[in-house]
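Summary of structural features
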Amino acid sequence: MRARFLWPALTALALAAAGCGSSSSGNGVSDAKFADALHLKSVGASYTISGTLCGVARLLHSADEVSKADSANPGQVLASKDGSVGIVIQPPFAKDCSQQARKGLDRLANGK
């Protein structure tokens, strides 16, 4: 039970240490656009798509962020087809959430 509460706190600390804020650094897609495209809900320092097995640790606002996160978090990055935007997931991550996220990321990348 404690691990369930510890994970969001550790994620928040890791994001703070990495200097990851809650908004785009001016060279990518805004958090508000991510929230609209992926139907995100803010949960502390992270997000959820539609349920408890759909945690999003970090929003990736540009192709550079996607590339760096993919190297640092193998198997935990979902990106648009063109790799211009993405998310770092919090395992376990449900398959239906993965499909929904990829569709939303593709819409976001295409500006729709």
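Read on for a plain summary of the structure. Bear in mind the structure is a predicted one, so any value in this text is a computation, not a measurement. (Residues numbered from 1 in each chain as written. Predicted model: local features only at pLDDT ≥ 70, side-chain atom pairs only at ≥ 80, totals over all residues. Heavy atoms only, no water.)

Quick notes on helix 2 (residues 31–38)
Along an α-helix, residues three or four apart share an orientation, since each turn contains 3.6 residues. What counts here: For each residue, the accessible area found with a 1.4 Å probe, counting protein chains only, is set against the maximum for its type, and the residue is called buried under 20%, exposed over 50%, and partly exposed in between. The secondary structure listing takes helices from DSSP runs of H or I that are at least 4 residues long and strands from runs of E that are at least 2 residues long, numbered from the N terminus. Note that the arc is defined by the directions from the helix axis to the C-beta atoms. Every residue pair with non-hydrogen atoms within 4.5 Å of one another is taken to be in contact.
The complete set of buried residues in helix 2 reads Asp31, Phe34, Ala37 and Leu38. Viewed end-on, helix 2 has its buried residues packed into an arc of 130 degrees, placing them on one side of the element. Along helix 2, the residues that are exposed and aim more than 90 degrees away from the buried face are Ala32, Lys33 and Asp36. Close packing links the buried residues of helix 2 with strand 2 (46–48), strand 3 (55–60), strand 5 (86–90) and helix 4 (95–109). In the stretch just after helix 2, His39 is the one whose phi turns positive, near 55 degrees.

Some remarks on the state of the cysteines
We apply this condition: Cysteine sulfurs are considered disulfide-paired once they come within 2.5 Å of each other.
Inspection of every chain in the model, using the stated rule, returns one disulfide. Cys54 shares a disulfide with Cys97; S-S distance 1.6 Å. Taken together, the residues span a long stretch of sequence, with Cys54 in the loop between strand 2 and strand 3 and Cys97 in helix 4 at a distance of 43 residues. The exposure class assigned to Cys54 is buried, which follows from its relative accessible area of 4%. Using a relative accessible area of 2% as the deciding quantity, one classes Cys97 as buried.

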